[in-house]
Amino acid sequence: MTAEQLYDAPDGHRVHAAGLLRRLGPQAPAFQARLGEALSDAEHLLHACTRDASDPRVGALAGHLAATGGKRLRPLLVLLAAEFGDPAAPGIDRAAVTVELVHLASLYHDDVVDRATARHGSASANALWGNRPAVLAGDLLLARAARLSADLVPEALALNARTVNRIVAGQMRELVGPTPGGDPLEHYFEVTVGKTAALLAMSLGVGALQAGAPRAVADVLVTYGEQLGIAFQIADDLLDLLSPESSSGKERGRDLLMDVPSLPVVLVRQGTDACDAELREVLAVGPAAGSGWHRRFLDLFATSRARVRSEEILRHRLERARTGLRALPPRDARFTLDSLCDFVASRTG
Ligand code: FPP
Ligand code: MG
């Protein structure tokens with residue numbers, strides 16, 4: 001498959017595996033072509049891993065989220081990290097697909113937990129098939145990821161196992177909330193490092209280790225991935241409150257309605273600025289204030305001090321990510337990782 005080709009899923013959706021890469025230029029044409037082709041190959045392998053030879057109905061369910069879209073950020077991170085070792089080393093493609101399968105598995109489960117009805121601008125699997133099939137589809141993808149990664153180098157395999165544990169633990173921490181008397185902001189970052197940042201960090205670590213890059217290089221990439229991942233989640237939190245529904249593919253203010261402790265909401269609650277007093281009031285009263293409370297919150301938040309602070313924290317995390325990258329040799333992969341920070345910043349801009 002060439003970088004120009006789109007993956008045509010059976011239900012008419014089209015995924016362009018190299019779409020994100022192209023937005024992260026400028027890159028040397030040879031580098032872009034090589035990575036674009038590797039991404040397209042990974043896309044094929046990903047869809048092959050979601051199929052089920054014995055029953056196409058299972059394949060339709062397990063392939064639903066892969067087919068409806070996604071940026072393929074995590075496979076891209078694997079491939080970029082592999083550039084700091086031998087990008088042609090065996091198993092890089094399997095590592096790239098493993099991280100996407102783990103990611104997709106977590107989304108099937110997350111949409112059940114969050115009772116979400118949409119993902120990637122399409123109906124979620126739980127909305128289409130119900131909770132039980134959606135949970136099992138997530139389990140199936142996780143099992144396929146385990147099978148696909150079985151022959152990765154031991155260090156990459158160990159990182160993979162530790163990360164799946166961190167994702168689930170992070171999600172569990174979110175569910176139970178901060179410990180009584182605990183700091184909600186500290187809790188937010190613990191949850192975020194687990195449920196979002198750990199997998200981005202792992203993607204980079206696994207790519208570097210599988211490609212035989214020096215351990216010190218893998219460590220730099222993992223640290224970058226953690227900071228990028230925290231920034232990514234903050235951008236996601238802000239998008240939930242600020243973006244028109246059509247651009248995020250989800251209902252606006254969904255996290256707020258589901259009482260997900262996002263950074264902006266934690267900052268509103270903890271804030272003392274007089275200019276956010278009405279916003280705090282609306283949040284404190286919540287649904288008891290009537291059906292318009294949610295719309296009022298979104299309107300007030302758009303010009304709030306809590307929004308400014310959230311954006312400052314987002315920029316600070318991206319700056320930390322960028323600073324770490326300077327320890328790496330100057331090459332296309334490093335510049336692309338740097339551009340990824342601009343991309344994350346631009347998601348809310
Ligand atoms: C999205 O958060 C959620 C995650 C990134 C992780 C969800 C993890 C689980 C449900 C545990 C199970 C994990 C595995 C690996 C099977 P969000 O709800 O804030 O983001 P969203 O707006 O994209 O839904
Ligand atoms: Mg969710």
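Bear in mind that the values here come from a model prediction, so they are computed numbers and not experimental data.

Enquirer: Report on the overall build of the protein chain, specifying residues and quantitative values.
Expert: Along the protein chain, the regular secondary structure elements total 18 helices and 4 strands. Here the C-alpha atoms of the protein chain give a radius of gyration of 20 Å, agreeing with the 20 Å that 2.2 N^0.38 yields for 349 residues. On the principal axes, the C-alpha backbone points of the protein chain span a range of 55 × 50 × 35 Å. Residue pairs at least 24 apart in sequence account for 73% of intrachain contacts in the protein chain once pairs closer than 6 positions are excluded. In the form shown here, the protein chain has an accessible surface area of approximately 15,300 Å², with 55% of it arising from carbon and sulfur atoms. On the protein chain, the mean spot of the 38 positive side-chain charges and the mean spot of the 42 negative ones are 1 Å from each other.

Enquirer: Go over the confidence of the model for the protein chain, please, and point to the residues and values.
Expert: Mean pLDDT over the protein chain stands at 91; residues scoring 70 or higher make up 93%. Low pLDDT (under 50) marks residues 1–5, which in the prediction has 17 contacts with non-local residues, meaning those over four places away or in another chain.

Enquirer: I'd love a proper account of helix α10 (residues 184–210), names of residues and values included.
Expert: Taking 1.5 Å of rise per residue, 27 residues should cover 39 Å, and α10 covers 37 Å from first to last C-alpha, within 8% of that figure. At Ala197, α10 is deflected by roughly 50 degrees, the largest bend along its length. Counting buried positions along α10 yields 23 of 27 residues, so the element is predominantly enclosed. Capping the start of α10, Asp183 holds a side-chain oxygen 3.0 Å from the backbone nitrogen of Leu185, two or three residues further along. Phi for Gly212, located one or two positions after α10, is positive at around 75 degrees.

Enquirer: Could you give an account of a nonpolar patch on the surface, with specific residues and numbers?
Expert: Together, Val113, Met172, Leu175 and Val176 make up a nonpolar patch on the protein surface, roughly 410 Å² of accessible area in all. Ranked by the residues each element gives to the nonpolar patch, the list is headed by helix α9 (residues 154–176), at 3 residues. A relative accessible area of 58% places Val176 in the exposed class.

Enquirer: Help me get a handle on the packing of helix α11 (residues 215–242) against helix α16 (residues 293–301), residues and values and all.
Expert: Look at α11 against α16: their axes get within 9 Å of each other, and the N-to-C directions meet at 120 degrees. In this structure, α11 contributes Leu238, Leu241 and Leu242 to the contact, and α16 contributes Phe297, Leu298 and Phe301. Of the residues that constitute the contact of α11 with α16, the class distribution is 6 nonpolar, no polar and no charged.

Enquirer: So, the packing of aromatic side chains: which residues are in play, and what are the values?
Expert: Under the counting rule described, the total for this entry stands at 2 aromatic pairs. On the numbers, 5.3 Å between centres and 80 degrees between planes, the contact of Tyr188 with Phe189 is edge-to-face. Look at Phe297 and Phe301: their rings are 6.2 Å apart centre to centre, the planes differ by 5 degrees, and that puts the pair in the stacked class. Remark: Phe301 and Phe297 occur in helix α16; sequence separation between them is 4 residues, near one turn of the helix. The pair formed by Phe297 and Phe301 is uniform in burial state, with each residue classed as buried. We note Arg317 situated over the ring of Phe189; from NZ or CZ to the ring centre the distance is 4.9 Å. In this structure, Arg347 packs its charged tip against the face of Phe232, placed 4.3 Å from the ring centre.

Enquirer: Before we move on, could you go through the pattern of salt bridges and cite the residues and values that matter?
Expert: Summed over all chains, the structure comprises 19 salt bridges. For Asp219, the salt bridge goes to Arg215, with nearest N and O atoms at 3.5 Å. With Asp219 and Arg215 both in helix α11 and 4 residues apart, the pair spans about one turn of that helix. A relative accessible area of 38% means that Asp219 is categorised as partly exposed. Taking relative accessible area as the criterion, Arg215 reaches 48% and is therefore assigned partly exposed. The residue Arg269 makes a salt bridge to Asp259 at a minimum N-O spacing of 3.8 Å. With a gap of 10 residues between them, Arg269 in helix α14 (residues 263–270) and Asp259 in the loop between α13 (254–257) and α14 connect regions that are remote in the sequence. Assessed through its relative accessible area of 56%, Asp259 is described here as exposed. Residues joined by salt bridges that share partners form a network here, namely Glu319, Arg322, Asp338 and Asp342.

Cut-offs and rules
Residues numbered from 1 in each chain as written. Chains lettered and ligands numbered in written order. Predicted model: local features only at pLDDT ≥ 70, side-chain atom pairs only at ≥ 80, totals over all residues. Heavy atoms only, no water. Helix = DSSP H or I, 4+ residues; strand = E, 2+ residues; numbered from the N terminus. Rg over C-alpha atoms; globule rule 2.2 N^0.38 Å. Contact = heavy atoms within 4.5 Å. Areas by Shrake-Rupley, 256 points an atom, 1.4 Å probe, with all protein chains shown as cover. Lys, Arg positive; Asp, Glu negative; His and termini not counted. Charge placed at Lys NZ, Arg CZ, Asp CG, Glu CD. pLDDT = per-residue confidence, 0-100. Expected span 1.5 Å × (residues − 1). Bend = angle between axes of the 7 residues up to and from the residue. Buried < 20%, exposed > 50% of the residue type's maximum accessible area, 1.4 Å probe, protein only. Polar contact = N/O pair within 3.5 Å; in protein donor to acceptor, adjacent residues only side chain to side chain. Patch = residues over 30% accessible without salt bridge, like charges linked within 9 Å, V, L, I, M, F, W, Y side chains within 5 Å. Salt bridge = Lys/Arg side-chain N within 4 Å of Asp/Glu carboxyl O. Axes fitted to C-alpha atoms, helices over the stretch in contact; angles between N-to-C directions. Nonpolar A, V, L, I, M, F, W, Y, C, P; charged D, E, K, R; others polar. Phe/Tyr/Trp six-rings, centres within 6.5 Å; stacked < 30°, edge-to-face > 60°. Lys NZ or Arg CZ within 6 Å of the ring centre and 35° of its normal.

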